[in-house]
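# Reading the structure
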Amino acid sequence: MNTRRLIRAGTRGSALALWQTEYVIGRLAAAWPALEFRADIVRSRGDRDQHTPLPSLGGKGLFTAELELGLRTGTMDIAVHSLKDLPIADPEGLVTAAVLARDEARDVLISRRGAMLDDLPANAIIGTSSTRRCAQLLARRPDLHVQSIRGNVDTRLRKLDEGLYDAIILAGAGIKRMGLAARVTQWLPVEWFTPAPGQGALAIQCRANDAPVIQMLQSIHDAELAQLVHSERQFLAALGGGCSEPVGAYAVRDPGGITLQAWFSTPDGQRRWSETVQDNAHNAGSATVAHNAARAAQAAVGQGNSHSALFAQENRPPRIVLTRSRTEDLADCRAVLAAGMQPVLAPMIAMTAELTAQELAAAVGKAASYDWLIFTSANAVRIFAELWQAAGGTPTDFAGVAVAAVGPHTAEAARRLGFEVAYVPAAYSAAGLGADAARFAGQRILLPCSAAGAPDLVSTLAEHAADVVEIPLYHPTGQTLDAFALRALEAGVDVITFASPSAVRALHGEVLAHASLHGLLTRCPLACIGPQTAAAATELGLEVALISETHTMDALIRLVADTFSTPAKAG
């Protein structure tokens, strides 16, 4: 008769959980050949509900409560967990007696077409069930759409392959353990994607009064790893958070003790804090170090934000369509997110150069011969600087020339490229520049602008005896919707913004060309940057809901946020 003691190991039923449990059993069986081991499968609440986004399920112990109940009732002797799923404090009567087996803590990106994170198209749909990963994605790529994804590793990969997502983010440890490393598109650096505290490590719980089992588990316990993950979890504890919070912490041993990479953010990723914290070897993971780091993180990030229900589709942020050029839309994404809304990029305009670098240099002549250099758009700044540099020049060629910009966004673009801006009109428009034309009276002015020019401004300046050299730099070209933008618009949006008549006309043409978009521009509120853009929409028979008094995208985005504080029903 077999008299060996049976050790029952509780586990979740996924292939990854079973792999982890069999790994632990194998380690224990090698160390304790006189004992018998068996894996007993338990379904947790998190496993039973595969549809509700994890942040909406909420609660501590989402994947652990049933296993802990089995330990308390004596139906199992040990429970094998992913350490990151465990609450910080041991439940009453239970103890985490062993930590082991972290050979990989990083996250991985797996994309359907092999694109790296920075190469994914705007509006690409990224699947993750983690608030932390969502925040880290949006911090780096605010133009992406993050959607909840549930299920085990195989299920998530199947959903990706079926085209429900363009890419997914998963824990690298699980991918390696399942023999799926060949599927990885990109191993994400911990500087971008600081892992969840304890990620990649296994933890084994047992009853606190079961001394023989505790002794058995100590034989496979990794004390060095335990010290590292304790440091990570102390930071999480000091923030008062649980495993669903947007918190990252990753500790490594170095000659001076422990170095902890700590990360904290709002769920939208726009207010975030990241530091490398040193802790000496004798005070590893101390509450003092963790407390100080947590206070610094909270002070930098602040409390509360409008994205706490980011994955709750019934309470999602308004989806705001941006239709400027791709470069400009990316710059607007952060303002949209900061206002508590979700950006949808549908760039309808591209800026095409009208002349070569050599032609520009010939048209400009001697830079120092001008009194003023006037920019009427950020696009004019960018294209002028690119062509001038290609011709062998630099912004310092205009060091003695006063620079005027139509508004703060254009001025910022000019300063970034090395121009010193001397003047911005009170009214951010070409008309605003013209209203102060006396400032430019009798001056020689270089005006690089779009092919459409600025005829009213030029004539006003000429009335004040200004000598204006107008150089058509570029012309706006209407764009077709790419597959990602088309899918985003078909899925439903709440407000469409326009910053130029060209964008209005281009999107109107695309709506007519796609049956799936018919009615979009009549059922969805339209917001325009100024009266000229609004007039273009009216000429097409469209109704404009909002016109920004200040003609900047920042002002328009603020106006939209103030007006549409809850999702609209359109789209």
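This text gives an overview of the structure that appears in the document. (Residues numbered from 1 in each chain as written. Predicted model: local features only at pLDDT ≥ 70, side-chain atom pairs only at ≥ 80, totals over all residues. Heavy atoms only, no water.)

## With respect to the nonpolar core
Counting residues in hydrophobic clusters, the biggest one holds 30 residues, and the most contacted among them are Phe 384, Phe 398 and Leu 473. Residue assignment for this core shows that the elements contributing at least two residues are α12 (357-364), β17 (372-375), α13 (378-390), β18 (402-405), α14 (408-416) and β21 (467-478). At eight residues, α13 tops the list of elements feeding residues into this core. Apart from the residues within four sequence positions on either side, Leu 473 is in contact with Thr 352, Ala 353, Glu 354, Leu 355, Leu 360, Ala 380, Ile 383, Phe 384, Leu 387, Pro 448 and Cys 449. (Core = buried A, V, L, I, M, F, W, Y, C linked by side-chain atoms within 4.5 Å. Buried < 20%, exposed > 50% of the residue type's maximum accessible area, 1.4 Å probe, protein only. Helix = DSSP H or I, 4+ residues; strand = E, 2+ residues; numbered from the N terminus. Contact = heavy atoms within 4.5 Å.)

## What to know about the sheet that holds strand β10 (residues 202-207)
Strand order in the open sheet made by the five strands is β2-β1-β3-β10-β4, with mixed pairing throughout. Two strands lie at the open edges of the sheet, namely β2 (36-41) and β4 (94-100), each paired on one side alone. For this sheet, the mean inter-axis angle between neighbouring strands, taken without regard to orientation, is 30°. Note that strand β1 (residues 6-11) and strand β3 (residues 78-82) share two bridges and pair parallel. When the bridges of β3 are listed, Gly 10 appears paired with Ala 79. (Pairing = 2+ DSSP bridges. Axes fitted to C-alpha atoms, helices over the stretch in contact; angles between N-to-C directions.)

## Points about the side chain of Arg 324
Secondary-structure assignment places Arg 324 in the loop between β14 (319-322) and α11 (326-338). Of the residues examined, Arg 324 reaches a relative accessible area of 13% and is grouped as buried.

## What to know about the pattern of salt bridges
Scanning the entire structure with this criterion turns up 24 salt bridges. In this structure, the salt-bridge partner of Arg 5 is Asp 77, at a minimum N-O distance of 3.6 Å. On the criterion of sequence distance, the pair formed by Arg 5 in the segment before β1 and Asp 77 in the loop between α4 (65-73) and β3 is long-range, its members being 72 residues apart. Judged by relative accessible area, Arg 5 falls into the partly exposed class, the value being 35%. Relative accessible area serves as the criterion here: at 3%, Asp 77 is assigned to the buried category. (Salt bridge = Lys/Arg side-chain N within 4 Å of Asp/Glu carboxyl O.)

## A few points about unusual backbone geometry
For Asn 123, which is not glycine, the phi dihedral falls at a positive 75°. Here Asn 123 shows up in the loop between β5 (107-111) and β6 (125-127). Taking relative accessible area as the criterion, Asn 123 reaches 1% and is therefore assigned buried. The backbone of Ala 465 shows a phi angle near 65°, a positive value even though the residue is not glycine. Along the chain, the position of Ala 465 falls in the loop between α16 (455-463) and β21.

## A look at the environment of Arg 415
As for its placement among the helices and strands, Arg 415 is situated in helix α14. We classify Arg 415 as partly exposed; its relative accessible area is 48%. C-alpha of Arg 415 to C-alpha of Val 381: the two residues are 34 residues apart in sequence and 9.6 Å apart in space.

## Quick look at the packing of aromatic side chains
Within the structure shown, the criterion is met by eleven aromatic pairs. Ring geometry for Trp 372 against Phe 440: centres 4.9 Å apart, planes inclined by 80°, an arrangement best described as edge-to-face. A residue pair is termed long-range when its members are at least 10 positions apart, and Trp 372 in strand β17 and Phe 440 in the loop between α15 (430-435) and β20 (444-450) qualify at 68 residues. Just as Trp 372 is buried, Phe 440 falls in that class too. Site record: aromatic cluster; members linked through ring pairs are Phe 375, Phe 384, Trp 388, Phe 398 and Phe 419. The ring of Trp 192 has Arg 140 sitting right over it, with the charged end atom 3.4 Å from the ring centre. The ring centre of Tyr 370 lies 4.3 Å from the NZ or CZ of Arg 444, which sits over that ring. (Phe/Tyr/Trp six-rings, centres within 6.5 Å; stacked < 30°, edge-to-face > 60°. Lys NZ or Arg CZ within 6 Å of the ring centre and 35° of its normal.)

Purely geometric numbers; function is a separate question.
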